[in-house]
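Residues per chain are reported as follows:
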Amino acid sequence: MAHSGNQVRHGLQLIVLVTVSAAAGCAGPVRQRAVPPELQDRALISGLSPAVRTWGAAVNREFQEALFESARREQEFRTSSGQTGPLPVAEFLAISGGGANGAFTAGLLNGWTAGGNRPQFKAVTGISTGALIAPFAFLGPTHDETLRKFYTGVTTKDVLTQRSMFAALFDDALTDNTPLRRLIATLVDQKLLDAIAAEYRKGRLLIIGTTNLDAQREMIWNVGAIAASGHPRAVELVRDIMIASAAIPAAFPPVMIDVEVDGQHYQEMHVDGGTVTQVFLYPPSLKLKELSEAAGFKRDRRVYIIRNARFDPEWAETQRRTLSIAGRAVSSLIATQGVGDLYRTYLNAQRDGIDYNLVAIPTDFRLQPREVFDREYMQKLFDVGFEMGKKGGFWKKTPPAFEGEVPG
């Protein structure tokens, strides 16, 4: 049926009217001023030292000093507890993003404990779902059951709720992650922070990465230093950092973090650390071996990297539609970015003499989740990780396809 000019004009007017009405009734969230670019390097969390956080690609002096001070604290703890001899091998654990695939790491850690040869890590780093795992991996096998319950017991409704159809236009995300925030609040309390602080004083490090979206830069947080600070908002801040690191842009709301510069108050917008990097060990600008030996600390080091994904390409017929093409392209970008991060870490390890060990979800694990957080899927993935961790012998010494093979 043909439409007259008046009908088209009236239709357009109606669309404009509905849109304006919706906008009026759906006022979006507001924020305080973002930190101006010329002040970004001086933004601080009120009451906390600059040592608690730094850019991932330009480490501030206080943060670097805190990292190397950890070796002195470790030596002092060893002396006070009657341990003698040179510093032992420093074992590092780096946990990647991957959403519900974090069940793989949870299973691997539980199995590693059952196998009887899981080390105590000198440092643990986490991004995205890895940030949710990192505090419990850091504290060791006594928290294995927490990880098992979290990654085999939650469902989508325990993590998020859908927002209205207008959320894409007038809100800061398509879903509300209040359920996840409530869940984290039950797990991350003052008792947990006290335990993290105690390990920090022994010279151990817990580092979580987020993305400062205003600056388009990775920020890494010294969670142990925050826990040991005695700051009245330390628990709340650590929860915010964990939630921010797992806040997939547009899917989950960002976390707004209050900062100040010269007494002026601003807000930073933090989202999923995986937006910038899928996994990290330490900033490449830190020449760890060179700086450590200059400070008088010579030791062997080993890193274990857990990638919560498979590395083989996942074939799927893509519909010839804009959203389908865009979605497929973004997922491809994320996958290849993750591989690039592993190569960067490998180069750092080679330069600094660190023994490199990598594991990923096996390529023969083909089950697909039916929803964002599918309990059956996560249970099976947990079981795969558990059996691998218990059996051992699965670590690869190079990044994927480095020697013509895909780890699996």
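I will try to describe carefully the structure that is included in this document. (Residues numbered from 1 in each chain as written. Predicted model: local features only at pLDDT ≥ 70, side-chain atom pairs only at ≥ 80, totals over all residues. Heavy atoms only, no water.)

### Quick notes on the pattern of salt bridges
Move 1: Inspection of the entire model under this criterion finds 27 salt bridges.
Move 2: Among the salt bridges present, the one from Arg 61 reaches Glu 65, with a minimum N-O distance of 3.3 Å. In this pair, Arg 61 and Glu 65 are both assigned in helix 2 (residues 61–80), 4 residues apart and thus about one turn of the helix distant.
Move 3: Classification of Arg 61 by relative accessible area gives exposed; the value is 54%.
Move 4: The partner of Arg 370 in a salt bridge is Asp 374, with the nearest N and O atoms 3.1 Å apart.
Move 5: According to the relative accessible area criterion, Arg 370 is exposed, its value standing at 65%. (Salt bridge = Lys/Arg side-chain N within 4 Å of Asp/Glu carboxyl O. Helix = DSSP H or I, 4+ residues; strand = E, 2+ residues; numbered from the N terminus. Buried < 20%, exposed > 50% of the residue type's maximum accessible area, 1.4 Å probe, protein only.)

### A look at helix 4 (residues 129–139)
Move 1: Helix 4 sits mainly inside the fold: 11 of its 11 residues count as buried.
Move 2: Three or more residues of helix 4 are buried, namely Thr 129, Gly 130, Ala 131, Leu 132, Ile 133, Ala 134, Pro 135, Phe 136, Ala 137, Phe 138 and Leu 139.
Move 3: Just beyond helix 4, the residue with positive phi is Gly 140, at close to 100 degrees.

### Re helix 8 (residues 190–201)
Move 1: End to end, helix 8 covers 16 Å across 12 residues, agreeing with the expected 16 Å (1.5 Å per residue, within 8%).
Move 2: Buried residues of helix 8: Leu 192, Leu 193, Ile 196, Ala 197, Glu 199 and Tyr 200, and no others. Along the long axis of helix 8, the arc covered by the buried residues comes to 160 degrees, so they all point the same way. Looking at helix 8, the residues exposed on the side facing more than 90 degrees away from the buried face are Lys 191 and Arg 201.
Move 3: Positive backbone phi, approximately 100 degrees, marks Gly 203, located one or two places after helix 8. (Expected span 1.5 Å × (residues − 1). Arc of directions from axis to C-beta.)

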